[in-house]
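Structural overview
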Amino acid sequence: MRLKDKVAIITGGANGLGLEAAITFIREGAYVALVDYDSSGSERAAELTAQGANVEFFQVDVASRESVNEMVTAVLERFGKVDVLINNAGITRDGMLTKLSEEDFQKVIDVNINGVFNCTQAVVPHMITAGSGKIINTSSVSGVYGNVGQTNYAASKAAVVGMTKTWAKELGRKGINVNAVAPGFIETNMVLSVPEKVIENLKKQIPLQRLGKPSDIANAYLFLSSNESDYINGTTIHVDGGIVM
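A brief report on the enclosed structure follows. The structure displayed is predicted, hence computed values, not measured ones.

Parameters and conventions
- Residues numbered from 1 in each chain as written.
- Predicted model: local features only at pLDDT ≥ 70, side-chain atom pairs only at ≥ 80, totals over all residues.
- Heavy atoms only, no water.
- Helix = DSSP H or I, 4+ residues; strand = E, 2+ residues; numbered from the N terminus.
- Contact = heavy atoms within 4.5 Å.
- Areas by Shrake-Rupley, 256 points an atom, 1.4 Å probe, with all protein chains shown as cover.
- Lys, Arg positive; Asp, Glu negative; His and termini not counted.
- Charge placed at Lys NZ, Arg CZ, Asp CG, Glu CD.
- Buried < 20%, exposed > 50% of the residue type's maximum accessible area, 1.4 Å probe, protein only.
- Pairing = 2+ DSSP bridges.
- Right-handed = clockwise from strand over helix to strand, strands pointing away.
- Salt bridge = Lys/Arg side-chain N within 4 Å of Asp/Glu carboxyl O.
- Arc of directions from axis to C-beta.
- Core = buried A, V, L, I, M, F, W, Y, C linked by side-chain atoms within 4.5 Å.

**Some details on the overall build of the chain**
Regarding its fold elements, the chain presents nine helices and seven strands. Once the C-alpha set of the chain is aligned to its principal axes, its extents read approximately 50 × 35 × 35 Å. For the chain, the share of sequence-separated contacts (at least 6 apart) that also reach a separation of at least 24 residues comes to 71%. For the chain, the accessible area works out to roughly 11,500 Å², and carbon and sulfur atoms hold 51% of it. Looking at the chain, you have 22 positive and 26 negative side-chain charges, and the mean spots of the two groups are 7 Å apart.

Structure follows, in structure tokens:
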């Protein structure tokens, strides 16, 4: 019960890594605000509630400041505080540089950068008042070493690392830890939708010779959200099987 009675906001929580994190956090005693633009998150929250979890779904567009502010106000009314923020929401709109549309470029920036900024800025004043908090931002190996066809995504995930370091310096004195997790190739619907041949080639590039599991990322989120990471600040933990060294 490493997060007993802690309140966590998890964005992008309706599916994939966010949902796995929510399940992990609930198991460790947390109250969870499940945040996503995808309304199916309501069904996930209902299923978890039926199993005894203390969780509530909030449909939010993280790229909208108004939507985020309304969510944080509602979370505080429901749970009374925010101890942890997991900025997990993110999208891809892939395309080679010469063919990438301005619309697809901007949409990824709006969600993956502005969304992280909006959620963090909305939550931080309450953490400052409390004198403590954990903020975990989701980057990517693409933000570290780039990836063909992902100008927008790689740029956004590199920006997340820069924001993480900056906020760690600004907020550490306030008792708030800010860190990032950079997932590699994880067994999510997005990755598993690519051809099997491509996946096999990916595995050959990874020293552990396999894709990661959603639980690998959820456990990294858990560690950085718990008291066990109290002296870790401004770092990016690579959960990628060793593909980036």
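Text resumes after the structure shown.
**Some words on the pairing of strand β4 (residues 84-87)**
Side chains Val84 and Ile86 project from β4 onto one buried face, and the interleaved Leu85 and Asn87 project onto a second face that is buried too. Note: β4 against strand β5 (residues 133-138), four bridges, orientation parallel. Paired with Asn87 across the bridge in β5 is Asn137. In the classification by handedness, the crossover that spans β4, the intervening helix α4 (residues 102-130) and the parallel β5 is right-handed.

**Focus: unusual backbone geometry**
In this model, Asp5 sits at a positive phi of 65°, which is unusual for a non-glycine residue. Tracing the chain through its elements places Asp5 in the segment before β1 (7-11). Owing to a relative accessible area of 35%, Asp5 belongs among the partly exposed residues under this scheme. In this model, Gln209 sits at a positive phi of 60°, which is unusual for a non-glycine residue. Topologically, Gln209 is positioned in the loop between α8 (196-205) and α9 (214-225). Gln209 gets classed as partly exposed once you look at its relative accessible area, which sits at 48%.

**Some thoughts on the pattern of salt bridges**
Using the criterion set out here, one finds eight salt bridges in the structure. Arg2 is the salt-bridge partner of Glu228, the closest N and O atoms lying 3.5 Å from each other. Note that Glu228 is positioned in the loop between α9 and β7 (236-239) and Arg2 in the segment before β1, a separation of 226 residues in sequence. Among the ionic contacts, a cluster of salt bridges with common partners joins Arg2, Glu28 and Glu228.

**Details of helix α2 (residues 41-50)**
For α2, the complete set of buried residues consists of Gly41, Ala45 and Leu48. Summarising the axial view, the buried residues of α2 lie within an arc of 65°, below the 170-degree limit, and thus occupy one face. On its buried face, α2 sits against α1 (16-27), β2 (31-36) and β3 (55-59). Positive phi shows up at Gly52, right after α2, with a value of about 100°.

**With respect to the nonpolar core**
Soluble globular proteins tend to pack their nonpolar side chains together in the buried interior. Formed by 34 residues in total, the largest nonpolar core has its most connected members in Ile9, Val68, Met71, Val75 and Ile135. Of the residues forming this core, the biggest block, 10 residues, is contributed by α4. The contacts of Val75, once residues within four sequence positions are left out, are Val7, Ile9, Ala33, Phe58, Gly80, Lys81 and Val82. Residues Leu17, Ala21, Phe57 and Val84 belong to the second largest nonpolar core, which totals 29 residues.

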